[in-house]
Amino acid sequence: ACSSKLVHLSQVHPMWQEPLAIPGGDRQSPIDIVVRKSVFDPQLRPLKVKYDPRTCQQIWNNGYSFLVEYDDTTDKSTVKGGPLEDQFRLCQFHFHWGENNAWGSEHSIDRRLYPAELHLVHWNSDKYSLFEEAVIEENGLAVIAVFLKVGKRHEGLQKLVDALPAVRHKDSVVEFTKFDPACLLPENIDDYWTYAGSLTTPPLTEAVTWMVMKQHIELAVFRSLLFTSAEEQVQRSMVNNFRVQQALKGRTVRSSFT
Ligand SMILES: NS(=O)(=O)/N=C1/NCCO1
Ligand SMILES: [Zn+2]
């Protein structure tokens, strides 16, 4: 599993108190994607996603989100193609959500926010041997972002939601196996926007090739998690764990579709 130690957010979970020095600062994430300003790139190929449910290991509540962590010691679960020059290994996925259905996503499309956003985090295993190495390289990471809307029941996600009460408190971990993250992808993964950005949680490094899916997925709602540990008296519910949007600074967002 990609060490999330680098991003142990429990110390910094009030993310909106942005750190003073941001690495580089000219390719930060998240952003609003202005559709009419995105540029169709016919050279963008379809994404090739290959996920093996046997690499799924555990769910961890790190005090900021819950991470479903995958064994990334082999190339069993990978993404390539699209804007990517290399092959990237899945190490974890997690979500960002709001306290209600009016907001919660990190990216927006023409200012439209969604109630939640899924991030599937991968690191460049052609060039680096560990997530920790890749996280500081400009071509180190690839994150697939999928918007979530409240709607019909999502069978695959229900299995995950059913496991969440076991990780209600910060730093709790529960074994979680045989979960195929492909069930979280929309039917159409050929239509996406892509741009050069950063992690939206510390270390905020400018290492991410973002691929934001045009098609959203639907699910019933979850907001049962906590930011705090069992000991702390005041149990703050874990909501609104999204970063404020960042300036585009002249970047171009490309689309894989017209
Ligand atoms: N929200 S995000 O950009 O995916 N942030 C992280 N941090 C570590 C891995 O992904
Ligand atoms: Zn994220």
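Residues numbered from 1 in each chain as written. Chains lettered and ligands numbered in written order. Predicted model: local features only at pLDDT ≥ 70, side-chain atom pairs only at ≥ 80, totals over all residues. Heavy atoms only, no water.

(A) Up close: the overall build of the protein. In terms of regular secondary structure, the protein is built from two helices and 15 strands. Residues classed as buried in the protein amount to 56% of the 258 residues present. Surface summary for the protein: the accessible area is close to 11100 Å², and the carbon and sulfur share equals 53%. (Helix = DSSP H or I, 4+ residues; strand = E, 2+ residues; numbered from the N terminus. Buried < 20%, exposed > 50% of the residue type's maximum accessible area, 1.4 Å probe, protein only. Areas by Shrake-Rupley, 256 points an atom, 1.4 Å probe, with all protein chains shown as cover.)

(B) Summary view of helix α2 (residues 155-163). Of the positions making up α2, those classed as buried are L157, Q158, L160, V161 and A163. On the buried face of α2, the contacting elements are β4 (56-61), β5 (66-70), β7 (88-97), β10 (141-150), β11 (173-175) and β14 (217-219). (Contact = heavy atoms within 4.5 Å.)

(C) Quick peek at the coordination of the zinc ion (ligand 2). The zinc ion (ligand 2) binds to the protein through H94 (NE2), H96 (NE2) and H119 (ND1); the donor distances cover 2.0 Å. Here the zinc ion (ligand 2) is ringed by four donor atoms whose angles at the metal span 99 to 115°, and the overall shape comes out tetrahedral. Each donor residue of the zinc ion (ligand 2) lies on the same chain, and together they follow the pattern H-x1-H-x22-H. Here H94 and H96 have matching classes, each one buried. (Donors = N, O, S within 2.8 Å, 3.2 Å for Na, K, Ca; no water. Tetrahedral: all angles 85-135°; square planar, octahedral: opposite > 155°, others 65-115°.)

(D) Local environment of the pairing of strand β12 (residues 192-197). The buried fraction of β12 amounts to five of the six residues, a majority that puts the element mostly inside the structure. Pairing geometry for β12 and strand β13 (residues 208-213), over six bridges, is antiparallel. For Y195, the partnering residue across the bridge sits in β13 and is W210. Across two bridges, β12 lies against strand β15 (residues 254-255) in antiparallel orientation. (Pairing = 2+ DSSP bridges.)

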